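# Fold and contact review
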Amino acid sequence: MSIGIYALFAYAALAKASVVPPMVNESFTAITMWVMAAYFVLGVVMNGISRSKLERLIMTPTTLALATVYLVLAAQ
């Protein structure tokens, strides 16, 4: 299930960057990008408050990078 969701995330980012055709239409792709950006911003917060030191050290910066990419693409 996760692989399918991440494939959708990747396709949406590529569609927004005009590398592949839009998902359904341009507005659906734009809304999807904002939803994913919010998802990754929430992920930054959740990973940052995790009890796991390893998760805080590895996943917080990774999720921050993804949130930044999706916010930049969504803002285009």
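Just above, that's the structure.
Everything in this summary refers to the structure shown in the same document. Note that this is a predicted model, so its numbers are computed, not measured.

### Describing the packing of aromatic side chains
The relation between two aromatic rings is expressed through the spacing of the ring centres and the mutual angle of the planes. Following the criterion strictly, the structure yields five aromatic pairs and no others. An angle of 75 degrees between the planes, with centres 5.5 Å apart, marks the rings of Phe9 and Phe40 as edge-to-face. A residue pair is termed long-range when its members are at least 10 positions apart, and Phe9 in helix H1 (residues 2-16) and Phe40 in helix H2 (residues 26-48) qualify at 31 residues. Phe40 matches Phe9 in its accessibility class, with the two residues each being buried. Measuring from ring centre to ring centre gives 5.3 Å for Tyr39 and Phe40, while their planes differ by 70 degrees; the resulting arrangement is edge-to-face. For Tyr39, a relative accessible area of 43% puts it in the partly exposed group. Taking the relative accessible area as the measure of exposure, Phe40 reaches 6% and is therefore buried. Three or more aromatic residues link up through ring pairs in this structure, and these residues are Tyr6, Phe9, Tyr39, Phe40 and Tyr70.

### Some words on the nonpolar core
Counting 12 residues, the largest nonpolar core is built from Phe9, Ala12, Ala13, Met33, Met36, Ala37, Phe40, Val44, Ala67, Tyr70, Leu73 and Ala74. Residue assignment for this core shows that the elements contributing at least two residues are H1, H2 and helix H3 (53-75). For this core, the leading source of residues is H2, giving five residues.

### Digging into H3
Under the 1.5 Å per step criterion, the end-to-end length of H3 is 32 Å for 23 residues, consistent within 8% with the ideal 33 Å. Largest kink in H3: about 30 degrees, centred on Met59, with the proline Pro61 one to four residues after it. Structurally, H3 contributes buried residues whose contacts are with H1 and H2.

### Quick word on H2
One turn of an α-helix holds 3.6 residues; hence residues three or four places apart share an orientation. Taking 1.5 Å per residue, 23 residues should reach 33 Å; H2 reaches 33 Å between its end C-alpha atoms and fits that length. If you check which residues of H2 are buried, you get Thr29, Thr32, Met33, Met36, Ala37, Phe40, Gly43, Val44 and Asn47. Looking at the packing, one finds that the buried side of H2 touches H1 and H3.

### Topic: a nonpolar patch on the surface
Together, Met1, Ile5, Tyr6 and Tyr39 give the surface a local cluster of nonpolar side chains, amounting to about 500 Å² of exposed area. Position of Ile5 among the secondary structure elements: in helix H1.

### Things to note about the layout of surface pockets
Considered as a void within the structure, the largest pocket measures approximately 190 Å³ in volume. Lining the largest pocket, in full, are Tyr6, Tyr39, Phe40, Leu42, Gly43, Met46, Asn47, Met59, Thr62, Thr63 and Leu66. Put simply, the parts of the chain that give the lining of the largest pocket at least two residues each are H2 and H3. The biggest single contributor to the lining of the largest pocket is H2, with six residues.

The rules we used
Counting of residues starts from 1 at the beginning of each chain's written sequence and follows it residue by residue. Local features in a predicted model are, by the rule used here, given only for residues with pLDDT of at least 70; side-chain atom pairs are given and counted only at 80 or more, and totals for whole chains, interfaces and linings are based on all residues. Values reported for side chains reflect all heavy atoms of the structure, with hydrogen atoms and water molecules removed beforehand. Only Phe, Tyr and Trp rings take part, Trp by its six-membered ring, and two of them pair if their centres are within 6.5 Å. Stacked means planes under 30 degrees apart, edge-to-face means over 60, and tilted covers everything else. Per the convention used, a helix needs a DSSP run of H or I reaching at least four residues, while a strand needs a run of E reaching at least two, with both numbered from the N terminus. Partly exposed residues are those whose accessible area sits between 20% and 50% of the maximum for their type, while under 20% is buried and over 50% is exposed, using a 1.4 Å probe and protein chains only. What is meant by a nonpolar core is a set of buried Ala, Val, Leu, Ile, Met, Phe, Trp, Tyr and Cys residues, joined one to another through side-chain atoms within 4.5 Å. Here the expected span of a helix is defined as 1.5 Å times the quantity of residues minus one. The reported bend at a residue is simply the angle between two axes, fitted to the 7 residues ending at it and to the 7 residues beginning with it. In this description, contact between two residues means that some pair of their heavy atoms is separated by no more than 4.5 Å. Exposure above 30% relative accessible area and no salt bridge define the residues that can form patches, which grow by joining like charges within 9 Å and nonpolar side chains of Val, Leu, Ile, Met, Phe, Trp and Tyr within 5 Å. All accessibility values rest on the Shrake-Rupley procedure with a 1.4 Å probe; residue burial counts only the protein chains present in the view. What makes a salt bridge here is a side-chain nitrogen of Lys or Arg within 4 Å of a carboxyl oxygen of Asp or Glu, nothing more. In this analysis the probe radius is 1.4 Å and the grid spacing 1 Å, with only protein atoms considered; a cavity is a set of points the probe fits into but cannot get out of, a pocket is an open set with protein on both sides within 12 Å along at least five of seven lines, and lining residues have an atom within 4 Å of a point. Grid points are joined across faces, edges and corners, and a volume is the space filled by probe spheres set on the points.

All quantities given are derived from atomic positions and should not be read as evidence of function.
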